[in-house]
Amino acid sequence: YLWGVPDQNLLAGTMDAVVLDGSGRVLFSTLRDPAPFAAAARRATLGEASGSFEETLAGRAFLGSVWSLFLKAGFGAPAWTVLLSEARSDVMAPMMEFKRTYLLVMLLCLSVILLLAHDVIRRSLDPLEALGRATRRIAQREFDSRVTITSGDEFQELGAAFNEMAEELGRQFTALRAEIVERERAEGALRESEEQLRQSQKLEAIGTLAGGVAHDFNNLLTVINSYTDLAIQDLPPGDPLREDLQEVREAGERATGLTRQLLAFSRKQVLQPTVLDLRGVVAATEKMLRRLIGEDIELRSVTTGDAPVIRADAGQIEQVLVNLAVNARDAMPVGGTLTIEIAGESGEPGWVRLSVTDSGSGMDEATQARIFEPFFTTKEPGKGTGLGLSTVYGIVKQSGGSISVRSRPGQGTRFTILLPGVEGDAAAEPEGPDSRLVVQGHETVLLVEDESAVRELAERVLQKNGYRVLVAGDGEEAVRLADRHAGPIHLVVTDVVMPRMSGKELVECLSASRPEARFLYTSGYTDDAIVRHGVSDLGRAFLPKPFSPDQLAQKVRRVLDATDEAVSCES
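A short tour of the structure in this document, coming up. (Residues numbered from 1 in each chain as written. Predicted model: local features only at pLDDT ≥ 70, side-chain atom pairs only at ≥ 80, totals over all residues. Heavy atoms only, no water.)

So, the overall build of the protein chain
In terms of helices and strands, the protein chain carries 13 helices and 17 strands. The buried share of the protein chain, taken over its 571 residues, is 40%. Sequence-distant contacts in the protein chain: of pairs separated by 6 or more residues, those separated by 24 or more amount to 67%. Surface summary for the protein chain: the accessible area is close to 32,000 Å², and the carbon and sulfur share equals 54%. (Helix = DSSP H or I, 4+ residues; strand = E, 2+ residues; numbered from the N terminus. Buried < 20%, exposed > 50% of the residue type's maximum accessible area, 1.4 Å probe, protein only. Contact = heavy atoms within 4.5 Å. Areas by Shrake-Rupley, 256 points an atom, 1.4 Å probe, with all protein chains shown as cover.)

Observations regarding the packing of aromatic side chains
In total, this model carries three aromatic pairs according to the counting rule given. Where F98 meets Y102, the ring centres are 6.2 Å apart and the plane angle is 25°; that geometry is what we call stacked. Of this pair, F98 and Y102 both sit in helix 2 (residues 88–139), four residues apart, roughly one helical turn. The exposure class of F98 is exposed, given its relative accessible area of 54%. (Phe/Tyr/Trp six-rings, centres within 6.5 Å; stacked < 30°, edge-to-face > 60°.)

Observations regarding the sheet that holds strand 16 (residues 518–523)
Here five strands make up an open sheet; going across it, the order is 14-13-15-16-17 and the pairing parallel. Looking at the sheet topology across the chains shown, the edges are occupied by strand 14 (468–472) and strand 17 (542–544). For this sheet, the mean angle separating the axes of adjacent strands, direction not counted, is 20°. Two elements, strand 15 (residues 491–495) and strand 16, share five bridges in a ladder whose sense is parallel. Considered in strand 16, the bridge of T494 is made with Y521. (Pairing = 2+ DSSP bridges. Axes fitted to C-alpha atoms, helices over the stretch in contact; angles between N-to-C directions.)

Concerning a negative patch on the surface
On the surface, a cluster of negative charge is made up of E243, D244, E247 and E250. Relative to the elements of secondary structure, D244 occurs in helix 4 (residues 240–265). (Patch = residues over 30% accessible without salt bridge, like charges linked within 9 Å, V, L, I, M, F, W, Y side chains within 5 Å. Salt bridge = Lys/Arg side-chain N within 4 Å of Asp/Glu carboxyl O. Lys, Arg positive; Asp, Glu negative; His and termini not counted. Charge placed at Lys NZ, Arg CZ, Asp CG, Glu CD.)

Examining the packing of helix 5 (residues 278–293) against helix 6 (residues 314–331)
Between helix 5 and helix 6, the least distance of the axes is 10 Å, while the angle of their chain directions is 40°. As for the relative orientation of helix 5 and helix 6, their crossing is right-handed in sense. In this structure, helix 5 contributes L278, V281, V282, T285, M288, L289, L292 and I293 to the contact, and helix 6 contributes A314, I317, E318, L321, V322, A325, V326 and R329. Of the residues that constitute the contact of helix 5 with helix 6, the class distribution is 13 nonpolar, one polar and two charged. (Left-handed = near helix turned anticlockwise from the far one by under 90°. Nonpolar A, V, L, I, M, F, W, Y, C, P; charged D, E, K, R; others polar.)

Examining the sheet that holds strand 7 (residues 297–304)
The sheet built from five strands is open, its strands ordered 7-9-10-12-11 with mixed pairing. Edge strands, defined here as strands with exactly one partner in the open sheet, are strand 7 and strand 11 (402–407). Put simply, the sheet's adjacent strands are angled 15° from each other on average, direction ignored. Bridge count between strand 9 (residues 336–344) and strand 10 (residues 351–358): seven bridges; the pairing is antiparallel.

Take a look at the structure:
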């Protein structure tokens, strides 16, 4: 029956079969010795009707199965036990083949997965690397960096957002940089303003000090210089005392110049501006300048354009030229060239340019930044006061102009001064000592001066020149004296600053009662002190102290003879 079962292939030798009856007797077997196999089957199944087992017999591994077979025949239905077994290697061969196939399929799938993953990762990493490179460029302030991503996914949106961010950062950085530049400019301007304030405070402090001593010092110099002049005039030519007195007079002039220098750089000098032809001022000082700079320095004077006419104090402009020439001389110890150039300023209409250029040693930037400071000097101790260029600065500023310097070490120095010009064909109005002017007179002069020595000197000079002099020690005394005087008073010569009644108040009182009178102010105080006492426009009716006898006599004569020099209470 089993032999005839289809598809069993028992004769192929690949499978063993044993058939047992109910008592365990072997009915059929393909084995020579089926007993061990049957015993192993019984042990494996433990009496169960069917099952599977694994047994090693004679060094060979078997896989087997057991089941009960009920045959239906006419003689009954005996119970048979059928055992089928096959070598393990034969059984496992298909599984091993399956394993190999499975592994190959798995490897193939894994390779495909890896390739797909690499492509996905690559598509992710490329945009990220581009974003990283652009981010590093932005960190280096290259805000024009952009990324191009065309993947059509979230990375493209990320790239677009990054580009917008970079553009916004660029705008903000540009605005921030402009703000920083503006802030630095403002801070620089603030530092410059602070430096100018400190400089101004220095000048103000020194000017206050100078102004404090100017009054008394100028009064003393007026007395010293004037009495020296009178003594020289009274001595005959050839008298040995004339030379001694002349030395005293020159020392007094130097002291006067020092006082003016102190007041000039502090911008408190009382200026007497007139319409000047700047060429004439330069020409008038050339002889003195040549003596100052020496023979080893060539002096050149150049004028371009129309005649430069300015309104300034001639004496102060001469002081500017002298100080700049001395400064240039010290910068050219072995000789060189000093050039004075005058021209109308084309870039600044209405201004006149005065340039002083030397071919000397020049200056570095640190020195240029301090050259206008009072008492700053690069010379050895005892060789300079440090007032020369600060005096120039003060005079130019007080005259309404500006001054700048350009210099390099070894390449010389150029000072450029801009002064306000006079429009039209205004003629120059030179005014100074004139030996041809007749100073004698017969008019009545009311002299008001609180300093006794100056008062006595002025009285003597005026009387010597033929005037009738009424003398008062202050304003109140002058008013009483004028009230008692029956005749006319042609001229009132009054100090500006006096106790109890100032010169301005005196003028206001006498202008109504003495309409025929003219007024001449004198003062040894600084410009701002005079302004504080109510005199804002002195014009030409002012004689600064210290003055000489000739200056007093000529000024009195000019005021008396002038048709528009009267000083009223509106001055």
